[in-house]
Amino acid sequence: MTTKMMMTSTVFLLALLARGARAFLATPLNMSDPDMANIFCPDEVEGESRDHEWITREGIRQNILAFFRANPPGGKPDFVVPDDSTLTQLFHAYYGPSSSPTRFIKAVNSIAAANVQADSSPQLRYDPAIQGDGEQLGPVQARLVARHPQILTAIMRDESYTAARNLLGTSLHSIQKFYSHSTWVEQGHQDILEGLAIPGYDLGELASPTEDVCTPCATSQGSCVGNVVDGAGLSSGYYMYPDEIGSSYLVPKPTTGGKCSHGGVLDSSASEAAEGGINKDTISPCFSPHHHLHLQAADLAVQATVTYLSQVLDAVGNEKYRRLFDLYHGSALSICIDTTGSMGDDIEAVKTQVADIVANSNPELYVLVPYNDPVVGPLLTTDDAQEFLEAVEDLVPYGGGDGPEMFWGGLQLALTGTPDYGDIFCFTDAEGKDGELMEGIISLAQQQNNKVTIILSDIFRNNHGERPAPFERPAEWKTSVITGVAEYQRLADSTGGLLISTDKFDVSDIVAIISGGVETSTVTIINLVETRGTLVNEVPIDDSVVDFEVRISGVLTEALLLDITGTTYNLMDKAGLESTPGVVVVSHTNTFKAVTWTSPRYGLWSLTTDAPEAYSIAVVATSSLDFLADFSVLDPSPPHPHYRLVEGRPLMNTVYYLKLTLVGYLESEVTNLNTIEFINKVGTELRTIDYTGPVTDQVYVRTEPLPNESFYIRISGHVSSGKTFARLLPVLVTPVETSVEVWATSEELSARPGESASARFIISNFGIESYFAISGTDDLGFLTSVNPSRLFLATNASDAIVANFQVPLDSLSGEVSTIIITAQSEKQTQSVNSAISHFVVLPVVSDTAPPTCVLTSHPDCSGYNFNGICSTQTWSVEAKLRDIASGLYEVRAKPEVGDLQVEGLSPGTTNEVVAIHQATCCDTFVEIIGVDGQANVGKCTVDMGILGGLIYDFQVDLETETYMILHWNITASDYEIDHYDLLINQEILHQMQCKELFCVDFATYLEPCTEYAFNLTPVFDFNGSQVRGIPAYTEGVTIDKEPGLPYDGAEIDATETTITISWHAANPLCSFEFQVCFYEVDADPSSRLCEKTKDNTYTLRGLGRCRAYFSEVVAISPSGMTSPPLTFYAVTICPGFP
């Protein structure tokens, strides 16, 4: 069978699965699904299987938990986080409840997706060196060891975190598969194999080709116990199944009769001697003969994931590790600016305002890309605000003169330096002349969730404000694709950004917009573009919303916002808005308006707009509740049924499974998710999917066939208060009729300096027959050609193209180039798609040996290794480090305690480096770490044992309304405890005595409904004097008490349309918030309007003149207990009456 035919076969299998798959999932794989039941026999299954996604996320969760505890947030040595915290709860505990973990969750999902991709990609899913089948454990280790430095140098040298996540996910797949496919668990191991995936280690004693490893099971199918030979070498099962492409990868099972099979209903080798199998992939006996060992294998896979991530942390250090997982409160301030001659005034305007932008925002990273013609760059990425400001100040307008500039090349460079979910702001006054890059660049921006806002000034105008006379375009333009306002608008629409077009703009009008782009807690509620006429939109404001902003682009004749009380805000009236409490005018020009409500009332608001010309509306909010969405197809075929993530844009008229990741749903108290909608740019509902399943962090929902036009994804449901929430993903989904898939491994997408490489991509056409233009680009210029550059495809046909690369001799190991391959139908504009991948530069010479590290002295804290006196004595140690192969690049101490002085270190040095570390005797454990040019890690360890008299396991055992029971342990000490000081909320000092190594204490006379922080300090008897030791911390919350009926209710003000009431809380501590409900006296009480507030006053708004109203105030405790209502009767003022 030809390569082309095999590739076509796979493409159509996946297409049929996408169009014909049935059922929906409540878990990552629903074994009761009709397409799955014959594989997994759900009636015989007890419990829940752990898949790669779950194992990866859980391993990351445990690793980040340990990382946060080892590196508490600044100024919080008492940082406490529960062991069972979710990923989002961990992020909120560390960065604050108002921070958004969306970027962090996207990074985690990216690693998990790359892991799952190893079961999807034809180049990986069949490969025993990836999956660990067919006794290919040695090649698995070799592949892991080869990929290890690629992961680390991509982080350390190039800071290409997207590429590193992809490589990391692939490695984690093989690491995790080791425990479900090998006989490691059957050999009785309770711990992980420490050297797995680490250079310089092997897997121990592997079974020889002739060694018997398995005995026959009772039957070839179903559960099997005890079929692994005791004392046999480490092995894995053979896995055979009919597959045209897989047949060239699969290893036939030997006929000796003593080798193991993978086993299960999909494995044809299970009926060959030795019959049965050993896989532990699931808890289903039909699929996994060793299903009874599944959870043990999954636990080891989690531990191995945690351990490997710790190895990555040791190599790259804390700051780069944070970047790998996007562990930051803020985002990037990313500016891409045209520096041609006509931009002089605009550059000066940016310079005058950028300092204010920096001062009024909190970026974690600054990105600056100047672009000219033909020069693009250089790219500046820095976390130093001053360096960024100086680079902006150095911008000088020059050159240009022929109109269009290199806009898309500048944006491409900005995208490579901007992290996911970072907003990019592009300043220009000209068309783009490199529009052939547009489709791929938009795809890259969408994949990274980068909103791109374009600020156009005087486009198509000369310096006198007049349109230039028509002219003949130069000959070289005839091969260029010129893009203008329409394409800039499409870029903004596709990424959720804005197009702001003004005459020589005043940057001060958009400073707040740019500053707001740095905040990652912004979510989208409404996004409408290129709409016309009168529109009325509901704006649901749920309880998780801290503030929200309405942004309108275009010239409007009407813009009215109505809150839940009926109060109207005229967005056209700048003065009226500025005089309204709780309203902030961010920007207010003839063509662009942005207004923020800082403390909005929760409920359903309404926005009415009108304009004769096209305009756009966006409602964004600060909230921790958000979501991510990806399209997948259900693939039930061997070797491992799973959901296959769609590469690039999805296909029209195709059924998918939409994978939703709900971010912050626990903290926002989401009670249900009701509806998923596909809506077009003007707000028309194209598809509506009802959802009745459980609310979890990830759900899979079967879609209807995708529409033929672009759409946004919107979800809605309710929070615990009963209020509706709605969130919209601002990335515009554009279904197409072609696909572009990467048909290359990471090994093929890499080369050494001076070497060439090639990689295949598959182009598939599901539209009308057509020639396709094939183009490619990469940011480092490694891509030399794409062959063929023009390809004819009939309907439902596919073929391969080859991308050729040449790595320059001066390239550095670890450099990463982002590749974009785009296929565009010459007949249909909607038949266009792109694939995005990464090319990695390999080291010239492989180096698997870690740096050497030798301690020339050993610290001695004898007599001072006790809590209370350890701080009075210091120790010092000298370490000599060297790497004679790839050279030393970094030396650091872990944990970052004491003082480390490093002498003789320059990046890449092969000379001896001396590190001197000094600390107090309270720090008994330190590793001095050396990292070489290929990210091998060498260590010297200082370990003086556990400090005597150190408190550990300090916890709250019992919480009541007025007291808590605490317990702790303490290590043995030569010095007797005199007493303990228990400081409660930094105010109450309680002393207790306990001479044992395990102690219990009662914290009494506490208030109900209150959070308490406990600081426990041991006080020792040191030769007759009292010395205080290192404290321990924990937290607890007393349980709720009835909040009590509010009292002293009073009407404190009334106008023609408002009434203001006040009250006192009977039990202030347990009155977490109040619910105020009101209705007109003559109206049906069921029509009442209710709202929650934390204040002791409330203003009823939107009332009628001279009308009587009933209102009720109910106190609510933190757990939801309610008080009886306090009732009010009040009347609005009647005009003309005293």
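The following paragraphs examine the structure supplied in this document. (Residues numbered from 1 in each chain as written. Predicted model: local features only at pLDDT ≥ 70, side-chain atom pairs only at ≥ 80, totals over all residues. Heavy atoms only, no water.)

Let's talk about the overall build of the chain
If you tally the helices and strands in the chain, you get 17 helices and 54 strands. Based on the C-alpha atoms only, the size of the chain along its principal axes is roughly 105 × 95 × 65 Å. Scored against the burial criterion, the 1138 residues of the chain give a buried share of 58%. Put simply, of all contacts in the chain between residues at least 6 apart along the chain, 72% involve residues at least 24 apart. Of the roughly 44,100 Å² of accessible surface on the chain, 51% is carried by carbon and sulfur atoms. (Helix = DSSP H or I, 4+ residues; strand = E, 2+ residues; numbered from the N terminus. Buried < 20%, exposed > 50% of the residue type's maximum accessible area, 1.4 Å probe, protein only. Contact = heavy atoms within 4.5 Å. Areas by Shrake-Rupley, 256 points an atom, 1.4 Å probe, with all protein chains shown as cover.)

Examining the state of the cysteines
Throughout the structure, instances matching the rule amount to 9 disulfides. Through a disulfide, Cys217 is tied to Cys224; the S-S separation comes to 1.9 Å. Because the sign of the S-S torsion sets the handedness, a value of about -95° for the bond joining Cys217 and Cys224 places this disulfide among the left-handed ones. Classification of Cys217 as buried rests on a relative accessible area of 10%. Judged by its relative accessible area of 5%, Cys224 falls in the buried class. Just so you know, Cys336 is unpaired, no disulfide at all, and the nearest cysteine sulfur is the one on Cys426, 4.2 Å from it. (Disulfide = S-S within 2.5 Å.)

With respect to the packing of helix α4 (residues 87–95) against helix α5 (residues 102–117)
At their nearest, the axes of α4 and α5 sit 10 Å apart, and the two run at 140° to each other. In terms of their interaxial angle, α4 and α5 are classed as oblique. Between α4 and α5 the crossing geometry is right-handed. Where α4 abuts α5, its residues Leu87, Thr88 and Phe91 lie against Phe104, Ile105 and Val108. For the contact of α4 with α5, the class distribution of residues is 5 nonpolar, 1 polar and no charged. (Axes fitted to C-alpha atoms, helices over the stretch in contact; angles between N-to-C directions. Parallel < 35°, antiparallel > 145°, perpendicular 65-115°, else oblique. Left-handed = near helix turned anticlockwise from the far one by under 90°. Nonpolar A, V, L, I, M, F, W, Y, C, P; charged D, E, K, R; others polar.)

Focus: the packing of helix α7 (residues 137–156) against helix α9 (residues 294–316)
Look at α7 against α9: their axes get within 10 Å of each other, and the N-to-C directions meet at 45°. It follows from the interaxial angle that α7 and α9 lie oblique. In the crossing of α7 with α9, the sense of the turn from one axis to the other is right-handed. Counting all contacts with α7, which are made through His148, Ile151, Leu152, Ile155 and Met156, the residues of α9 involved are Tyr308, Val312, Ala315 and Val316. Of the residues in the contact of α7 with α9, the class split is 8 nonpolar, 1 polar and no charged.

What about the packing of aromatic side chains?
Evaluation of the coordinates by the stated rule reveals 43 aromatic pairs. Their ring planes at 85° and their centres at 5.5 Å tell us that Phe866 and Tyr975 sit as a pair that is edge-to-face. Remark: Tyr975 occurs in the loop between β41 (964–970) and β42 (977–984) and Phe866 occurs in the loop between β33 (852–855) and β34 (874–882); sequence separation between them is 109 residues. Between the aromatic rings of Tyr963 and Phe1002, the centroid separation amounts to 6.3 Å while the plane-to-plane angle is 40°, which identifies the pairing as tilted. In this pair, Tyr963 is assigned in the loop between β40 (951–959) and β41 and Phe1002 in strand β44 (residues 998–1003), connecting sequence segments 39 residues apart. Looking at Tyr963, the relative accessible area reads 30%, which means it is partly exposed. The class of Phe1002 is partly exposed, set by a relative accessible area of 43%. (Phe/Tyr/Trp six-rings, centres within 6.5 Å; stacked < 30°, edge-to-face > 60°.)

A look at the pattern of salt bridges
Inspection of every chain in the model, using the stated rule, returns 37 salt bridges. Between Glu927 and Lys939 there is a salt bridge; the shortest N-O distance is 3.5 Å. Here the residue Glu927 occupies a position in strand β38 (residues 925–932), and Lys939 occupies one in strand β39 (residues 937–943), the gap between them amounting to 12 residues. Owing to a relative accessible area of 12%, Glu927 belongs among the buried residues under this scheme. Its salt-bridge partner being Arg1107, residue Glu1080 comes within 3.2 Å of it at the nearest N-O pair. (Salt bridge = Lys/Arg side-chain N within 4 Å of Asp/Glu carboxyl O.)

Side note on the sheet that holds β33
The 4 strands are arranged β33-β34-β37-β36 in an open sheet whose pairing can be described as antiparallel. Among the strands making up the open sheet, the edge pair consists of β33 and β36 (899–903). On average, each strand axis in the sheet is inclined to that of its neighbour by 20°, with strand direction left out of account. As paired strands, β34 and strand β37 (residues 913–920) are joined by 8 bridges and run antiparallel to one another. (Pairing = 2+ DSSP bridges.)

With respect to the side chain of Lys106
With respect to the secondary-structure elements, Lys106 resides in helix α5. Exposure remark for Lys106: the relative accessible area of 14% places this residue in the buried category. Among the polar contacts listed, one links the side chain of Lys106 to the backbone oxygen of Gln447, at a separation of 3.2 Å. (Polar contact = N/O pair within 3.5 Å; in protein donor to acceptor, adjacent residues only side chain to side chain.)

Distances and angles like these do not, on their own, reveal function.
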